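As a plain string of letters, each chain reads:
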Amino acid sequence: MVHDANIKQATSEKQLREAHGKIDMLQAEVTALKTLVITSTPSSPNRDLHPQLQSPSKNALRKGHARNKSAGCAAVMPLAPPPQPISTEAKEVDTILYSEFMEWKENPTLDKCCPFLCRIYQEDIKPCLDFAKKELSEQVLVAVEDNTLSVEPVTQPTLPVVKASAVERGGPSGSRVEVLMKCALSGLSRSCRHRIKLGDSGNYYFISPSCRYRITAVCNFFTYIRYIQQGLVRQDTELIFWEIMRLRREMSSAKLGFYPNEL
């Protein structure tokens, strides 16, 4: 009986030690997770929780039918592949532009009067948002600057909208194959699969794929420089410069009418 009691006691002690070990392991995991969450703040996000901030690309933030502000305009764009390391070989830096960038980088601002942003406004942003409908174009730029522009997919293209008229195009059997809308920015009849909303206005405007891509290109630029201003981008200064140059090229391509076919 004493022998059996000793065996049971040894078994119980072993199970107790194993239980304590599992508890210690779980406590360590909980502590690690708490540290991971606590160390992620808006001013200093944890890179494991926010990997997109390690090397911002077209920043696909959200996707769906919810309205997305200009900081998230890229949400309606296809996800971009992981960015590749930027090679500076065979790249000649404009010394004046780079000096303007370095001055801006010391105190990042959204003030378009500073030399660096003033140049980008004149050479990229304004030409990219220069549409046939001038008044609405100016309103779009203001909404992008104020981060109050919303872009959303059109799920029911026959709904009444502001400054848009529908033109049906029938197929061989007479069935409707697509609905063309008059783009509110270009004034041309196009297959408009997205619409925009400016601020708190209740008016929606149908936009063509080309106009949408041009707006998105500008939104991507503003998203990135806002991240820089908020201290969310911790990359090397040279990498930040070349990323801004890439976003400038994107705006230039959009202005020339080059946009993904899936739009």
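Residues numbered from 1 in each chain as written. Predicted model: local features only at pLDDT ≥ 70, side-chain atom pairs only at ≥ 80, totals over all residues. Heavy atoms only, no water.

1. Some thoughts on the pattern of salt bridges
On inspection of all chains with the given rule, the structure shows nine salt bridges. Between Glu-243 and Arg-246 there is a salt bridge, with its nearest N and O atoms 2.8 Å apart. Taken together, the residues span about one helical turn, with Glu-243 and Arg-246 both in helix α6 (residues 237-255) at a distance of three residues. Arg-246 gets classed as partly exposed once you look at its relative accessible area, which sits at 25%. Among the salt bridges present, the one from Glu-250 reaches Arg-246, with a minimum N-O distance of 3.6 Å. Highlighted residues: Glu-250 and Arg-246, both in helix α6, separated by four residues, approximately one helical turn. (Salt bridge = Lys/Arg side-chain N within 4 Å of Asp/Glu carboxyl O. Helix = DSSP H or I, 4+ residues; strand = E, 2+ residues; numbered from the N terminus. Buried < 20%, exposed > 50% of the residue type's maximum accessible area, 1.4 Å probe, protein only.)

2. Structural notes on α6
The first and last C-alpha atoms of α6 sit 27 Å apart over 19 residues, in line with the 27 Å expected at 1.5 Å per residue. Next to the buried residues of α6 lie α2 (95-106), α3 (115-128) and α5 (209-229). Two to three positions downstream of the cap, the backbone nitrogen of Glu-238 sits 3.0 Å from a side-chain oxygen, assigning the N-cap of α6 to Asp-236. Of the residues trailing α6, Gly-257 is marked for its positive phi of about 95°. (Expected span 1.5 Å × (residues − 1). Contact = heavy atoms within 4.5 Å. Polar contact = N/O pair within 3.5 Å; in protein donor to acceptor, adjacent residues only side chain to side chain.)

3. Points about the packing of aromatic side chains
Scanning the model with the defined rule gives nine aromatic pairs in all. Where Phe-101 meets Trp-104, the ring centres are 6.3 Å apart and the plane angle is 35°; that geometry is what we call tilted. In this pair, Phe-101 and Trp-104 are both assigned in helix α2, three residues apart and thus about one turn of the helix distant. Grouping residues by exposure puts Phe-101 and Trp-104 together as buried. Here a set of aromatic residues connected by ring pairs shows up, and it is made of Tyr-98, Phe-101, Trp-104, Phe-116, Phe-241 and Trp-242. When the ring centre of Tyr-204 is taken as reference, the NZ or CZ atom of Arg-195 above it lies at 3.8 Å. (Phe/Tyr/Trp six-rings, centres within 6.5 Å; stacked < 30°, edge-to-face > 60°. Lys NZ or Arg CZ within 6 Å of the ring centre and 35° of its normal.)

4. Regarding the nonpolar core
Membership of the largest hydrophobic core comes to 52 residues, with the highest contact counts inside it found for Ile-215, Phe-221 and Ile-244. It is α5 that provides the largest number of residues to this core, a total of twelve residues. Apart from the residues within four sequence positions on either side, Phe-221 is in contact with Leu-117, Ile-120, Ile-125, Ile-244, Leu-247 and Met-251. (Core = buried A, V, L, I, M, F, W, Y, C linked by side-chain atoms within 4.5 Å.)

5. Considering the side chain of Glu-152
Within the secondary structure, Glu-152 sits in strand β1 (residues 149-153). For Glu-152, a relative accessible area of 7% gives the class buried. Engagement of the side chain of Glu-152 in a polar contact is seen with the side chain of Arg-195, the distance being 2.6 Å.

6. Some points on the sheet that holds β1
If you walk across this open sheet you meet the three strands as β1-β5-β6, and the pairing is antiparallel. Looking at which strands have only one partner, the edges of the open sheet turn out to be β1 and β6 (204-207). Between one strand axis and the next, the sheet turns through 30° on average, direction left out of account. Across four bridges, the pairing between strand β5 (residues 194-198) and β6 is antiparallel. Pairing of His-194 across the sheet is with Ile-207, part of β6. Against the sheet, helix α4 (residues 134-146) makes contact with β1, β5 and β6, and its axis sits at roughly 75° relative to β5, the strand it touches most. (Pairing = 2+ DSSP bridges. Axes fitted to C-alpha atoms, helices over the stretch in contact; angles between N-to-C directions.)

Scope: geometric values only; no functional claims are made or implied.
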